[in-house]
Amino acid sequence: MYDRQTDSLWSHLTGTAVKGKLSGMRLRLYPAIHTTWTEWKQLYPDTLVLDKRSGLGLEGTRNVYDTYFANPNQLGIFGTENPDKSLPGKEYVVGLTLDTVAVAYPYRHLSVKPLVNDVVAGMPIVVAFSASSATGVVFSRKLPGRTLTFTNLRREGKNLVMDDVETKSTWRALSGEVVRGRLAGTHLEQLPSTVGFWFAWKGFYPDTRVWKP
C-alpha cells in the first residue's frame, strides 16, 4: 500500500515502509478481530456497520477473491512459492510479534488445542480460538500484581468462555472481559495479531516460531 502524502510504499502485513521518503518507519498496530458476523454480533450486539455504497451497489456483500481463496495452489497474486512446506501455503495462522520475536499459531493446531497459555519475548500471553467461527484472539495474561493462567475453554450458551486458575473468575474468551467472579469489571489487554496465510507470514518473518500442541 502507499500513502498519498509521500508516495512511500508500505508492507500491509508488517506496517513498515519499505520504499520512499518514510522507508524504515513503522505504523502503530492496533488490536483487531477477524471473525464472522454472527460471532461479532454476539460479542457486540449494539455494533455499527460500515455502509459503502457505490454506483455498483452496496460494497462488501460478496467476496471478490472467492476464486483465489478456493485455489490452494495459488499463493499470492504473482505466483509466490511457499517458503516452508512444513505447513500448506494457505494454512491460516494467527501471527504474533513481540519485540523481535514472531510466533505463528496454525489453525490446524488451534483446532486441537484451542486455548494456549504461552510466553513470547518474556510476556505471558493467551490465545483463544473458536473453531466454529475460525476466530483467534491474543491477550496478555498480566494484570497489575499477578499473572493469570487460563483453562476450561467452553461454550456457555452462545458465549465462548474460559476460567483463570488463580481466582476462578470466568471470562469471555474473545473479548477478554470477566463474566463473573472476583475479577468482575476487569479486561485483559488484547495484543495486535495478524490472521493470514502461512506462506505470507513465513515470507515476512522467516525466523518465526511455530506453536504446536
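Below is a summary of the structure that appears in this document. Note that the coordinates shown come from a computational prediction; the quantities given were computed from them, not determined experimentally. (Residues numbered from 1 in each chain as written. Predicted model: local features only at pLDDT ≥ 70, side-chain atom pairs only at ≥ 80, totals over all residues. Heavy atoms only, no water.)

**Description of the sheet that holds strand 13 (residues 159-164)**
An order of 12-13-14-15 is seen for the four strands of this open sheet, with the pairing classed as antiparallel. Strand pairing shows two members of the sheet lacking a second neighbour, strand 12 (150-156) and strand 15 (178-180), which therefore form its edges. On average, each strand axis in the sheet is inclined to that of its neighbour by 35°, with strand direction left out of account. Note: strand 13 against strand 14 (residues 170-172), three bridges, orientation antiparallel. The residue bridging Met-162 from the neighbouring strand is Trp-171, located in strand 14. (Pairing = 2+ DSSP bridges. Helix = DSSP H or I, 4+ residues; strand = E, 2+ residues; numbered from the N terminus. Axes fitted to C-alpha atoms, helices over the stretch in contact; angles between N-to-C directions.)

**Some remarks on the pairing of strand 7 (residues 115-120)**
Here strand 7 pairs with strand 8 (residues 123-130) via six bridges, running antiparallel. Residue pairing in the sheet places Val-119 in a bridge with Pro-124 of strand 8. Between strand 7 and strand 8, which pair antiparallel one after the other, the connecting turn spans two residues, and Ala-121 there sits at a positive phi close to 50°.

**A closer look at empty space enclosed by the protein**
One water molecule sets the probe size; rolling that probe over the atoms shows where empty space is left. Per the stated rule, a full pass over the model turns up one cavity of 30 Å³ or more. Within this model, the largest cavity holds a volume of roughly 40 Å³. Lining of the largest cavity is provided by Glu-39, Gln-42, Leu-43, Arg-155, Lys-158, Asn-159, Leu-160, Arg-172 and Leu-174. Those elements that place two or more of their residues in the lining of the largest cavity are helix 1 (37-43) and strand 13. Among the elements that make up the lining of the largest cavity, the one with the highest residue count is helix 1 (three residues). Of the residues belonging to the lining of the largest cavity, the class tally is three nonpolar, two polar and four charged. (1 Å grid on protein atoms, 1.4 Å probe; cavity = no way out; pocket = protein on both sides within 12 Å on 5 of 7 lines; lining within 4 Å. Points joined across faces, edges and corners; volume = space filled by probe spheres on them. Nonpolar A, V, L, I, M, F, W, Y, C, P; charged D, E, K, R; others polar.)

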